[in-house]
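# Report on the structure
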Amino acid sequence: MTVKNCWFVRLLASVALSPFMISGCDAADQETRPRLLSISQVRDHDLSRELAGKEVEISGVVVADFRGPDQLGGVYLQDADPALPGQPSAMFVYLGRDVAISVGDQIHIGGILVSGGDRPRLMPVDNAGDFAIRNDGSIASASPIELTLNEEEIDWGKLKGSLVRFVGDLVVTDTHDLARYGQVTLSADERLYVPTELVDPNDADPSGNTITGSDNVDAIRAVETRDKNRSIVLDDGSAKDNPQRLYLLPESVGDSASPRTLRLGTRIKNLTGIVAKVRGRYMVMPAGTLDIEYVDRPTVPDLGDCDLTIASFNVLNYFTTIDDGRNQARGADNPEEFQRQEAKLVAALKSLDADVIGLMELENKPGVEGSLVAALNSTVEGAPYRGVGRPVGLNAAPGGKNAIRVGIIYRSDRVEPTGKVQMVVDEAFANARTPLVQEFRLFGDETPFSIVVNHFKSKGSRGAKGPERDMKDGQGANNASRRKQAEAIAHYVATLQQTRGAVNLLVFGDLNAYSQEDPIDTLRAAGLVDLIHTHAGDERPYSYVYYGRAGCLDHAFATPELAAMVSGAAIWHINSSEPRFLDYNLEFNPKPFYRPDPFRSSDHDPVLVGIDLR
């Protein structure tokens, strides 16, 4: 972390320890003595302007010490008893580690006051010497200001530099910048969700399936404001970017190869720290030891009594073409990264142990699906996995020339395909990926079942115009396209039902839409059963985390006939809740933390559905 635009007092590493004799002097001596100031007085704009250029003595209690390796190189001081409530009464002081002071000590610093207010600064009296400092020891204390993160906005500017204590639990909601800047985002009491995961922009009742209008957009904005007020960033107090030693991770115990991670949902109790402004954002730096309750990694979900397991997994740009920066490849940047990526994906796919797996974000060229299948088979006895391959005519189908495609792999010792892989051919998918359809049977059973694997248009706004632009209703850009794609799938299912009657059909994949958005409402309105939410119980499902907000982008829908046979449906949280520095990339990721395991093998979590066909 780099401190910019901060107010500080600069002290040289070697300081002259000398007592200050301010009281007990005659009038003549008193006039020549530096004026003793509290930090509140230094932070007062009018008084500091009056004293600028004069010799002063500043007194305060050390409330936090950031002089450790790679830290800021100083301490925070605060008035023991601020004269005016709400008046800024704290400041940061650069100070060498050889200066003998501790948290709780009352210290005095003398020098020329260059400036005060929001940017107080001292300079040595002789301009080239050392500052004078006196340590009176622990004769006073500064109590933290108690805060509660709720729906009300906090004026962090008035608290800058102050010691604060958050009452209750704070929950880790984002670790995106943990490895880069030593920062995590915390929220009050519980995790945060994307507003449209819980609130429908069209319907006040979440069970409504309206797909037009904006009657409930104000509720979306209210959730956004509430969540902003309920969040704060925790910074490690370090001046170093991309450190090899990562703050907040649990210490390694027992086997040195045991995983060290900080999963979302981890709780920090009664956090005490210093409010600081870093890169234009207010944050808190911890003062003292943190009370952390870590979250364990989940095992594969229990799907109940079933004889068939189907999974959906976005594999995050599995490209056998190495990205050289010019060839438009999207995956690994070098062979080592590819090996790391493939090893983690294989570990995840093997652990899923599903009979059929729909895949998203495969490189769209011959042989890529086969490459992943070969790598997976090398770890499974009997090499049972097969891929259905690219359908004939894919390049000519809408969405068939996209850089990535969907795919289907299966265990040939458990199920068999009936016929060749098919496509949903519809112009709605021209800016997305062509959906693939495959019918299967379990060995020894005549009941057919089919899957439709999807990857709808993303929410990215680049190039989005007209009805595709972000309408500021919480659904992002290209919602019109995703709605049309959902309508095309609903039409495909309806046509099958008209021609074949009852069908055992599973529609799943990365739909790039959260649970209360128009495309999902479209599928529900078409009579398809939302399996994930039907089987979620009291849990709030999610498969993806975007800037600390969780939600379901990956879904599983079934026709009523198939839904009646579903024993369980769940999301295995191996990716979205893990820090991104555990993925395969080599840029900025500390190498010692990499493991060829399922965790952070992608940015999406896989979806699992259990079916009792017999």
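Going by the structure above, here's the rest.
A quick note: this is a predicted structure, and the numbers were derived from the prediction, not measured.

What follows deals with the overall build of the chain. Looking only at helices and strands, the chain has 13 helices and 34 strands in total. With the C-alpha coordinates of the chain rotated into their principal frame, the extents come out at 105 × 55 × 45 Å. Burial analysis of the chain (614 residues in total) assigns 55% to the buried set. Contacts in the chain between residues far apart in sequence, at least 24 positions, make up 73% of those at least 6 positions apart. Here the chain displays about 26,000 Å² of accessible surface, and carbon together with sulfur accounts for 48% of that area. Computing the positive centroid from 64 side-chain charges and the negative centroid from 86, the chain places the two 5 Å apart.

Let's shift gears to the sheet that holds strand β23 (residues 404-411). The strand order across the open sheet built from 6 strands is β22-β23-β21-β20-β34-β33, with neighbouring strands paired in mixed fashion. Strands at the two margins of the open sheet, each flanked by one partner only, are β22 (385-387) and β33 (566-571). With direction set aside, neighbouring strand axes in the sheet form an average angle of 20 degrees. Bridging between strand β20 (residues 308-318) and strand β21 (residues 356-363) involves 6 bridges; their strand directions are parallel. For serine 312, the partnering residue across the bridge sits in β21 and is glycine 358. Sheet contacts for helix α8 (residues 335-352): β20, β21, β22 and β34 (607-611); angle to β20, the most-contacted strand, approximately 170 degrees. Here helix α9 (residues 368-377) sits on the sheet in contact with β20, β21, β22 and β23, set at roughly 180 degrees to β22.

This part is about the environment of phenylalanine 429. Considering the arrangement of structural elements, one finds phenylalanine 429 in the loop between β25 (422-423) and β26 (436-442). Between the C-alpha atoms of phenylalanine 429 and lysine 344, which are 85 residues apart in sequence, the distance is 30 Å. Excluding anything up to four places from it in sequence, phenylalanine 429 contacts Pro398, Gly399, Val424, Pro435, Phe456, Gln485, Ala488 and Ile489.

Quick look at the pairing of β23 now. Buried residues dominate β23, accounting for 8 of its 8 residues. Of the two faces of β23, the one holding Ile404, Val406, Ile408 and Tyr410 and the one holding Arg405, Gly407, Ile409 and Arg411 are both buried throughout. Bridge count for β21 against β23 is 6 bridges, and the pairing is antiparallel. Residue pairing in the sheet places glycine 358 in a bridge with isoleucine 408 of β23. Here β22 runs beside β23; their pairing, made up of 3 bridges, is antiparallel. Residue glycine 387 lies in a different strand from β23, and its bridge partner there is isoleucine 409.

Let's shift gears to the sheet that holds strand β12 (residues 169-174). In spatial order, the strands read β10-β11-β17-β18-β15-β13-β12-β16-β19; together these 9 strands make up an open sheet with mixed pairing. Edge positions in the open sheet fall to β10 (145-147) and β19 (291-293), since each of these has one partner strand only. With strand direction ignored, the average angle separating the axes of adjacent strands in the sheet is 40 degrees. Pairing geometry for β10 and strand β11 (residues 163-166), over 3 bridges, is parallel. Opposite isoleucine 145, over in β11, you have valine 164 as the bridge partner.

Taking 1.5 Å as the rise per residue, helix α10 (residues 479-500) with 22 residues should run 32 Å; its terminal C-alpha atoms sit 31 Å apart, in good agreement. Close packing links the buried residues of α10 with β27 (448-455), β28 (505-510) and α11 (518-525). Looking one or two residues beyond α10, the residue adopting positive phi is glycine 501, at roughly 80 degrees.

Turning next to the packing of aromatic side chains. Tallying each qualifying case throughout the model produces 10 aromatic pairs. A centroid spacing of 6.0 Å and a plane angle of 85 degrees characterise the contact between phenylalanine 66 and tyrosine 76, whose relative ring orientation is edge-to-face. Highlighted residues: phenylalanine 66 in strand β4 (residues 55-66) and tyrosine 76 in strand β5 (residues 74-78), separated in sequence by 10 residues. Each member of the pair, phenylalanine 66 as well as tyrosine 76, is classed as buried.

Bringing the pattern of salt bridges into the picture now. Following the criterion strictly, the structure yields 29 salt bridges and no others. Aspartate 227 is paired through a salt bridge with arginine 226; the nearest N and O atoms lie 3.2 Å apart. One salt bridge connects aspartate 518 with arginine 483, and the closest N-O pair in it is separated by 3.0 Å. Of this pair, aspartate 518 sits in helix α11 while arginine 483 sits in helix α10; the two residues are 35 residues apart in sequence, bridging distant segments of the chain. Relative accessible area serves as the criterion here: at 2%, aspartate 518 is assigned to the buried category.

Let's shift gears to unusual backbone geometry. One non-glycine residue, glutamate 361, lies in the positive phi region at around 70 degrees. With respect to the helices and strands, glutamate 361 occurs in strand β21.

The next thing to look at is the packing of α10 against α11. Two measures define how a pair of helices packs: the angle their axes make with one another and the distance between the axes. Running from amino to carboxyl end, α10 crosses α11 at an angle of 15 degrees, the nearest separation of the two axes being 8 Å. By the criterion of interaxial angle, the relationship of α10 to α11 is roughly parallel. Crossing geometry of α10 relative to α11 is assigned as right-handed. Residues Asn479, Arg482, Arg483, Ala486, Glu487 and Ile489 of α10 touch α11, and the partners they reach there are Asp518, Pro519, Thr522 and Leu523. When grouped by side-chain class, the residues that make up the contact of α10 with α11 number 4 nonpolar, 2 polar and 4 charged.

Along any regular strand, the residues point their side chains to alternate faces of the sheet. The element strand β13 (residues 183-188) is largely enclosed, with a buried count of 6 among its 6 residues. Of the two faces of β13, the one holding Gln183, Thr185 and Ser187 and the one holding Val184, Leu186 and Ala188 are both buried throughout. In this structure, β12 lies alongside β13, joined through 4 bridges in antiparallel fashion. Its bridge partner being in β13, aspartate 174 is matched across the sheet by threonine 185. Across 5 bridges, the pairing between β13 and strand β15 (residues 231-235) is antiparallel. Along β15, the bridge assignment pairs threonine 185 with valine 233.

Criteria and cut-off values
Residues numbered from 1 in each chain as written. Predicted model: local features only at pLDDT ≥ 70, side-chain atom pairs only at ≥ 80, totals over all residues. Heavy atoms only, no water. Helix = DSSP H or I, 4+ residues; strand = E, 2+ residues; numbered from the N terminus. Buried < 20%, exposed > 50% of the residue type's maximum accessible area, 1.4 Å probe, protein only. Contact = heavy atoms within 4.5 Å. Areas by Shrake-Rupley, 256 points an atom, 1.4 Å probe, with all protein chains shown as cover. Lys, Arg positive; Asp, Glu negative; His and termini not counted. Charge placed at Lys NZ, Arg CZ, Asp CG, Glu CD. Pairing = 2+ DSSP bridges. Axes fitted to C-alpha atoms, helices over the stretch in contact; angles between N-to-C directions. Expected span 1.5 Å × (residues − 1). Phe/Tyr/Trp six-rings, centres within 6.5 Å; stacked < 30°, edge-to-face > 60°. Salt bridge = Lys/Arg side-chain N within 4 Å of Asp/Glu carboxyl O. Parallel < 35°, antiparallel > 145°, perpendicular 65-115°, else oblique. Left-handed = near helix turned anticlockwise from the far one by under 90°. Nonpolar A, V, L, I, M, F, W, Y, C, P; charged D, E, K, R; others polar.

These figures come from the coordinates and say nothing about function on their own.
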